[in-house]
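Take a look at the letters that make up each chain.
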Amino acid sequence: MDRPQTMTRADSTRRGATPTFQRPISRPASSRVFAGAPKPASGGAVKHRPISYDYATGSTFAVKINGKPVFLLNDFRKKVDTNVKHSRFVTAFKTALSQQVDDKKKQDAIRDQYAKAIVPRFRPVEHTEAGLTKNLLGQGDNDDAEEPPPTQGQIGYSRIDQIDPWENSLGGGLEKYNPCVNSVFAPVQFHGLDDTHPQWQKEPSSHLTLDFLYGYQGSSCWDQELFGEGPGADNLCFIQAYSPRTGRMDHTGEIIYFAASTVVVFDVKNNIQRFFHHSDDVTALTVLKRIYQKADATWEEMTRPKGAKAKEEWEKWFAYNKGVYEPSEKSWSPASRLLPESTEEFPQFDDGVPMDWREWDIPNRCIVASGQRGRNPRIYVWRVIPYDGKTQMNDQVLATMTLGKKRLLVASLSFNSKGNLLVALAADMDHTICVFDWRRQVKIREGQGHGSRVDMCKFNPYSDSAFCSSGVKHLKFWELGEEEGLQMATGLFGDLGGPFDNRNMCFNPRGNTISGVENGDIYIWSSGTVSSKIEHAHKADVLGLLYVDGVGLFTAGMGGMLKLWDPELRDTKNPLCVVDLRPFDVKGDPKLNNRVTGRAMDWSTSEQLLSFICDDNLVEDNPAKGVCGAPATHMSFRDLNVDGVLLLGTTNNSILMLGFKKSGEWVAGLAGDTQIKGDSANTKADRLDQQDWWKTVKEMKYTKFVKNKDVLPVAVYWYQSNDETLPGYRPKTAARSGGGGRCPWKWAVCGKKVCMRGHMHHVDSVAPMPNERIFMSVGKDCTARFFDINDQIMIDSVYIWKPARSCIWWSKYHREEGVTGEEELNKKSVSVFAAGHEDGSFSVWATEKTAADAADADDDTATESDPFYNPENAFGKITLCCSNPLPRKAPPPAPGRLPSEQAFVVKYSPNGKFLAVGLGDNCVDVYKHSLVQFYQRPERELQREQSKQKELGFTDEEIERQSTFPYKRVGCCNDHSSAVTHLDFDIESAYIRSTSQSNELLFAFIPSGKQTTATQELSLKQWFTDTCVLGWTVKSIWAKGSLGSDINTLDRTHCKVPPWAPSHGGSQPSPYPYPDGFRPKGSYIPVDEYPTNNYPGEGTPDSWGHHVLATGDDSGKVKLFRWPAFGFKQAFRCFVGHGSQVAQVRFSYDDDYLISAGGADMTLFQWRHVIPNKIYVQNLPNKKQEDGRYVIGNSEMKEILREYFAKLFKVDRTERDLQPPRVVSSDMDKEKERAKFIGRVQERSWKGEVPEEKGNLPDREIVSVAIFNSGAANEGNAYPTAEYGSQITSRWAAVVFKSKDEVDDVIDLYGHPSAVNYESFFRNGEMRLYPLYRQIDESPAAMREAGIRDMKQDDYDPHRPVILIRSERDMRTGKKTYSRWEPMDHNDYEESMGQKPHFLLITANDPNESPVTSVFDRNMAKVEAKWIVDKCAIDPDWEEQFGMPTSNDDVMEVYTKQTERWQEIQEWLMSDDKFGATSSGKEFRSFEAWFEEKKERSQDPKRK
């Protein structure tokens, strides 16, 4: 859990920090200059010499022992009082002193044992490859300054701590292990397995990549009144990159911030995140901004290089983007694309020119410094490069520094304007300030900041050597001064100021320092003294300050107001603009909503940035609270004529972009003749009243925004109508006929976008939707939030009135029909979910729209009916159905403590009939699921239920909120001895198993809840989920020495992943699908020796592959194990990012994603679960019977797909003429050659010809098949075109194969998806697509009677799929057997899908996933291949000599071309033309097809 940033002497031991009496005493803070202090041995820092003195303050005593001061805490008085009864006072004093010293020695011993890991019970044992523990090898917690940032996917080992091994002498017998207190049985399918065999001990073949992080560190979740807001000041900034085309630093649409232990680089334009990971919580962040003074004495950021040499160096900064070279015997070369670094031992040159990035000029806004928490807090300086297809940025580290031992955390960081120095503030007792020459990783200054808390330390951007620090009742001015010292002067409050805490500060080019004060004032400092102030600028703490030259001073403080003040700072009474931030917030706990304020800020006027930031959020108009609102117009900020955009991070962990503009006629609303440039997807370059949606707007009743429908309201601001003498007065009688009325301010907001929503308090539970890529989360901020996994955005939220600990969606499972996630309420399909609360109650909620409707709410179709749709209202109205209190009376919790009867887990049974609630009072209550409206039963029953709830502690308000009868409790399991934390149902909904905090694993009947001890019989049961942390199948996740609370959560995949292969193993497994030109480091041929047994009755007795188990632990790590995890030395993959304990992990319904909740770090991590050898099959038959069930059920469909992909189309790829050409093609002609080659291979497989000497080709091995009834990515699109194919259905499947070769065969032979790009090839029959075929086994005689005598295959016809005949030869007898395959046609599909052929769409890439990564990788490889071809055309011998860019000029040329191609890809992502990524047509999105179409248009004057 996060610790507070500061602590007093009295409470230091209470929060686990080093006790006060163990710390040395330092000289108190002084306000005089101390530049002449002696130089310490470590460098040119300033330290204070300890002094010896006695004092007594408050409850803390200090006495001398052997001439040294020793602190005595307040419990010393108790010891004196205890001994004084039987002795004299002096003797009692000495006795108490002796006891105090003994206690100190004991604490020292315990601390040292823990640090050295002498006591094994303090830490679970992790083993190395050699079998020795890391602690024995000295590989434990490393405090070395050179330690690199952590990497994802490291392989670790967990050695099980078994007890009574003799009980497992017979296979399948009882076992007992720590920490489980019960004996467990192995499931029936795993009897007799050898836990020492290497196959069962390997890491899983799949791995995780961090896809998206939901959250932002605006403030911490601790008690802010006691400990402050925590890290979050100045941790949000725009990022720039150098453009060779414009010769300047341009905005890329990326912002940078941190959450948990991860720094996030977020591309808002393309919705892509990249990550830099720390080993502990990130606490400080800063971006290097180059500020220089122009010839006219004004100041601005350096966006262009000064001189030809600087221009060349800036280009190199971004061209060498593959990482940073580490000096070694292997010389650096430009071909490596690494940033060069030289040392005396290993100097580096390029054509005789020394190459060292530390001597280069530094670009603007691309160098980042981030600091963390720890015993020796580390600071990493790293660079942000333009998107390169990778999401991890830990290979871009330029420098690593540490603050020193016991400095706790890095509280603040700041670069100077020249970029060569970095100042860091520590959170130790002295609040040490360190100044680094970061390029040489040397600490050049050190000094004590202040005796009390210091909140911030920041360089003055208009000086290379001056900086300020602020905190408790002080603001200090610092100068680097002489070589060995720091010069400091304390700011004087004078007559205007007062001794208040200065919470934040900024600077202006006129030499003023501006600070925000705890009482709500803003002080303006000049010459070290408060020269003026803005009195009562805010209600309280001013946490956000940003000065923008020519615009004004932005301030944010308690009360929720954002204000803009006069840039000259002359008018300190009347702000230029006031905006209420509370309407931008999500409704949650009122205490949290009321404390919202802005904290971190940045500003930009880049026209490029304004062109792709859209006004996507609604602000409700609320005259009662003085809020002038506006709808979400979904127009770009540039189309709204925004003057500049303010990037704002709030203390409720949201990130906003607000477009500001000077007031004018536009505040009354945009008129119809306003010219629009057409930047966004829903606009075109024309007048506003000529937009396609303008007519719909005119017809809609937006009375809450505007009365005059001839204008579009866009202005947002705060106003008051009570006192015309006060700022912001707007009369109540002011007509809103124009939309915004009369704006009382000189500036107003006319564009608003919420970039990120984060929970405001602990988030303890997540629940993926059982049939859609949507998940929900609940937390202690009293909100339930809903996120779209595909779109990576929060789509809805609801205030649930109470802090929540658990949540679950209602669903119903049927073996043939799959999972149904919609319940019927009031004769309407709705989605239902339940939330368990801290007080032991639970509530059931229903959404107005189903999950399928919510997933499509932000699609293009939404703009047709509602152009101003709210993207955060996808589920419509979410209503409370019922709420059940804790069925037993519980004593109220003690003040300041949480209730012990919390609902730690809620779960619906697979048949949807029961809800089980695991509680903190040691019980599992079972309820019957039934949503009955009040009017459906007599009034007396309603009154009886309400009286019961009132007796159990519900208030009248809680009772009145409900709309249905509460659930009826039908059973209770009360056999646990402590709080119930996890539970699972069996697949038949007849039993539950549950675990508790006392490490018990119990089983009970459903619905009665009566315990059963038939453990061996229950081992024969199949469990619907695996979330209990104890049991035989998860015994090896517990490392030796673990406590039962070390692992908080786990979950198992629904389907198997392929068997392990060398390319899947290790800490850096191969990606999937392989990018063009990628070659795996190891073989991709599986090496597993044995298939895994399946549960009896699940198809075949065994199959290749294994399930995957994900765990979340107290160290903030997410780990992947094989399931079952029973190996003696079990390997796992370890993934970092969370800054607190991982509260819960859950796989999505299709296993493609894992969601983890971070508890106290308030973040949600969306991990991509990379499963090798997986394909996605769309357009499955969807015809239904009258009762709504599919004609072809899921079980039958699985068998059809297994036979289809295993047997039908085969070809011997070892033949020379079937070897594929080069994967990476340099131009489109080569791509077409490869497409034609695929067509030839398809023709061979279509005929089914196999040479006699080859015999029968083997069937493909299929690991798993999963059928899904909704969520197809291309649902409704005609495939491949409306001319040749029908619409794609919502039904789809995921198929996993044993090897990659089998996947390649299926992609090529069963209808390559590139047919979309080459429509003419398909039209001419050169490429083929196929429908789904079903095997009909018939005897040769029956086939002849049917008219198929000579078994000759018909020719391929794209308009009419034909019957296929296949033969197999018995190698022993030589006889042939024949099989008949019939295509599925419109008779197997719903009529609405069309009458044309229903071709299967088969892809290796997830069609729902963003195509940016795959398109980027493919095109960057193409650009380099094309460059090599052009180079060889000039010099035919060049490729044999070099084969790649080798010189600096070559690298720069390739980088320039790749940058141009990346710009074209981004243009495609924003294009609504044919084949564009935002096209509203039914054609498929394809960059290649769009690029060719664009070239043809440019060459054809008529098409331009």
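All values derive from a computational prediction rather than experimental measurement. (Residues numbered from 1 in each chain as written. Predicted model: local features only at pLDDT ≥ 70, side-chain atom pairs only at ≥ 80, totals over all residues. Heavy atoms only, no water.)

1. With respect to the overall build of the protein
Counting secondary structure elements, the protein contains 22 helices and 81 strands. Counting all 1504 residues of the protein, 59% fall into the buried class. In the protein, 64% of the contacts between residues at least 6 apart in sequence involve partners at least 24 apart. Looking at the protein as shown, the accessible area adds up to about 61700 Å², and 48% of this sits on carbon and sulfur atoms. (Helix = DSSP H or I, 4+ residues; strand = E, 2+ residues; numbered from the N terminus. Buried < 20%, exposed > 50% of the residue type's maximum accessible area, 1.4 Å probe, protein only. Contact = heavy atoms within 4.5 Å. Areas by Shrake-Rupley, 256 points an atom, 1.4 Å probe, with all protein chains shown as cover.)

2. Brief notes about the nonpolar core
Ranked by size, the top nonpolar core spans 104 residues in total, and within it Ile255, Phe554, Leu562 and Phe660 carry the most contacts. Per-element accounting of this core gives the leading share, seven residues, to strand β45 (residues 747–757). Core analysis: the next-biggest nonpolar cluster, separate from the first, contains 55 residues, Ile1175, Met1197, Phe1209 and Val1303 among them. (Core = buried A, V, L, I, M, F, W, Y, C linked by side-chain atoms within 4.5 Å.)

3. Topic: the sheet that holds strand β58 (residues 903–908)
As summarised here, the arrangement of the four strands in space is β58-β59-β60-β61, forming an open sheet in which the pairing is antiparallel. A strand with exactly one partner marks an edge of an open sheet, and here the two such strands are β58 and β61 (968–973). For this sheet, the mean angle separating the axes of adjacent strands, direction not counted, is 20 degrees. As paired elements, strand β60 (residues 924–928) and β61 share five bridges and run antiparallel to each other. Its bridge partner lying in β61, valine 926 is registered against glycine 971. (Pairing = 2+ DSSP bridges. Axes fitted to C-alpha atoms, helices over the stretch in contact; angles between N-to-C directions.)

4. Topic: the side chain of asparagine 653
For asparagine 653, the location among the structural elements is in the loop between β38 (644–650) and β39 (654–662). A polar side-chain atom of asparagine 653 sits 2.9 Å from the main-chain amide nitrogen of glycine 218. Of the polar contacts made by the side chain of asparagine 653, one reaches the backbone nitrogen of serine 219; its length is 3.1 Å. Apart from the residues within four sequence positions on either side, asparagine 653 is in contact with Tyr216, Gln217, Gly218, Ser219, Met756, Arg757, Gly758, His759, Met760 and Met1162. (Polar contact = N/O pair within 3.5 Å; in protein donor to acceptor, adjacent residues only side chain to side chain.)

5. Brief notes about the packing of aromatic side chains
In the structure shown here, the tally under the stated rule is 68 aromatic pairs. Ring centres 6.4 Å apart and planes at 75 degrees place the aromatic pair tyrosine 1204 and phenylalanine 1209 in the edge-to-face group. By the burial criterion, tyrosine 1204 is buried, and phenylalanine 1209 matches it. Grouped by ring-pair contacts, the aromatic residues Tyr1204, Phe1205, Phe1209, Trp1246, Phe1297, Tyr1310, Tyr1330 and Tyr1333 constitute a single cluster. One cation-aromatic arrangement involves arginine 1052 over tryptophan 1123; the distance from NZ or CZ to the ring centre is 4.9 Å. The aromatic ring of tyrosine 1190 is capped on one face by lysine 1184, whose charged end is 5.0 Å from the ring centroid. (Phe/Tyr/Trp six-rings, centres within 6.5 Å; stacked < 30°, edge-to-face > 60°. Lys NZ or Arg CZ within 6 Å of the ring centre and 35° of its normal.)

6. Quick word on the packing of helix α21 (residues 1448–1470) against helix α22 (residues 1487–1499)
Interaxial distance between α21 and α22 falls to 11 Å at its minimum, and their mutual angle equals 100 degrees. For the element pair α21 / α22, the angle class is roughly perpendicular. Side by side, α21 and α22 meet where Arg1461, Glu1464, Ile1465, Glu1467 and Trp1468 of the first sit next to Phe1487, Trp1490, Phe1491 and Lys1494 of the second. Grouping the constituent residues of the contact of α21 with α22 by class yields five nonpolar, no polar and four charged. (Parallel < 35°, antiparallel > 145°, perpendicular 65-115°, else oblique. Nonpolar A, V, L, I, M, F, W, Y, C, P; charged D, E, K, R; others polar.)

7. A short note on the sheet that holds strand β55 (residues 832–837)
Strands in a sheet are paired, the pairing made by backbone hydrogen bonds, and the direction either parallel or antiparallel. Ordered by their spatial adjacency, four strands build an open sheet running β50-β55-β56-β57, and the pairing between neighbours is antiparallel. Whereas interior strands pair on both sides, the edge strands pair on one side only; in this sheet they are β50 (804–809) and β57 (878–884). The average angle at which neighbouring strand axes cross in this sheet is 25 degrees, direction not considered. Two strands pair when backbone bridges link them, and β55 and strand β56 (residues 842–847) are joined in this way by five bridges, in the antiparallel orientation. Following the sheet pairing, alanine 835 is matched in β56 by serine 843.

8. Section: helix α5 (residues 308–319)
In this model α5 runs 16 Å from its N-terminal to its C-terminal C-alpha over twelve residues, within 8% of the 16 Å that 1.5 Å per residue would give. Looking at the packing, one finds that the buried side of α5 touches β8 (237–243), β9 (248–259), β17 (367–372), β18 (378–383), β19 (397–402) and α21. (Expected span 1.5 Å × (residues − 1).)

9. Focus on the packing of α5 against α21
Where α5 contacts α21, the axes come no closer than 10 Å and their chain directions differ by 70 degrees. By the criterion of interaxial angle, the relationship of α5 to α21 is roughly perpendicular. Contacts from Glu312, Glu315, Lys316, Phe318 and Ala319 of α5 reach α21 at Asn1448, Val1451, Met1452 and Tyr1455. Each residue belonging to the contact of α5 with α21 can be placed in one class, and the counts come to five nonpolar, one polar and three charged.

10. A word on the confidence of the model for the protein
Per-residue pLDDT for the protein averages 83, and the proportion of residues at 70 or more is 83%. Per-residue pLDDT stays below 50 along residues 1–62; that stretch engages in 132 contacts with residues further than four places along the chain or on separate chains. Confidence over residues 165–171 falls short of pLDDT 50; this stretch has seven contacts with residues more than four positions distant or in other chains. (pLDDT = per-residue confidence, 0-100.)

11. Comments concerning the pattern of salt bridges
For the coordinates displayed, the defined rule picks out 68 salt bridges. The closest approach of N and O atoms between glutamate 446 and arginine 407, which form a salt bridge, is 3.3 Å. Of this pair, glutamate 446 sits in strand β23 (residues 442–448) while arginine 407 sits in the loop between β19 and β20 (410–415); the two residues are 39 residues apart in sequence, bridging distant segments of the chain. With its nearest N and O atoms 3.4 Å apart, the salt bridge here joins aspartate 1088 to arginine 1122. Of the two residues, aspartate 1088 sits in the loop between β66 (1047–1052) and β67 (1092–1093) while arginine 1122 sits in strand β70 (residues 1118–1123), which places them 34 residues apart along the sequence. The burial state of aspartate 1088 is the same as that of arginine 1122; both residues are buried. (Salt bridge = Lys/Arg side-chain N within 4 Å of Asp/Glu carboxyl O.)

12. A word on α22
For α22, built from 13 residues, the straight-helix expectation of 18 Å at 1.5 Å per residue is met to within 8% by its first-to-last C-alpha distance of 18 Å. Among the residues making up α22, those that are buried are Phe1487, Glu1488, Ala1489, Trp1490, Phe1491 and Glu1493. Between the side-chain oxygen of the N-cap and the backbone nitrogen of alanine 1489 there are 3.2 Å, and the N-cap of α22 in question is serine 1486.

13. Focus on the side chain of lysine 780
Within the secondary structure layout, lysine 780 lies in the loop between β47 (774–779) and β48 (783–788). By relative accessible area, which is 14% here, lysine 780 ends up buried. Those residues in contact with lysine 780, other than ones at most four positions away along the chain, are His761, His762, Asp764, Pro803, Ala804, Arg805, Glu838 and Leu898.

14. Some points on a positive patch on the surface
A cluster of basic side chains, namely Lys812, Lys913, Lys928, Arg940, Arg944, Lys948, Lys968 and Arg1189, defines a positive patch on the protein surface. On the secondary structure map, lysine 812 appears in strand β51 (residues 812–814). With relative accessibility at 45%, the residue lysine 812 sits in the partly exposed group. (Patch = residues over 30% accessible without salt bridge, like charges linked within 9 Å, V, L, I, M, F, W, Y side chains within 5 Å. Lys, Arg positive; Asp, Glu negative; His and termini not counted. Charge placed at Lys NZ, Arg CZ, Asp CG, Glu CD.)

15. Things to note about the state of the cysteines
Applying the stated criterion across every chain yields a total of zero disulfides. Take cysteine 577: it sits in no disulfide, and the sulfur closest to it among the cysteines is that of cysteine 743, at 6.8 Å. (Disulfide = S-S within 2.5 Å.)

16. A short note on the environment of arginine 1369
Mapped onto the fold, arginine 1369 is located in strand β79 (residues 1364–1369). Take arginine 1369: its relative accessible area is 26%, and that puts it in the partly exposed class. For the pair formed by arginine 1369 and asparagine 1256, sequence separation is 113 residues and the distance between their alpha carbons is 6.7 Å.

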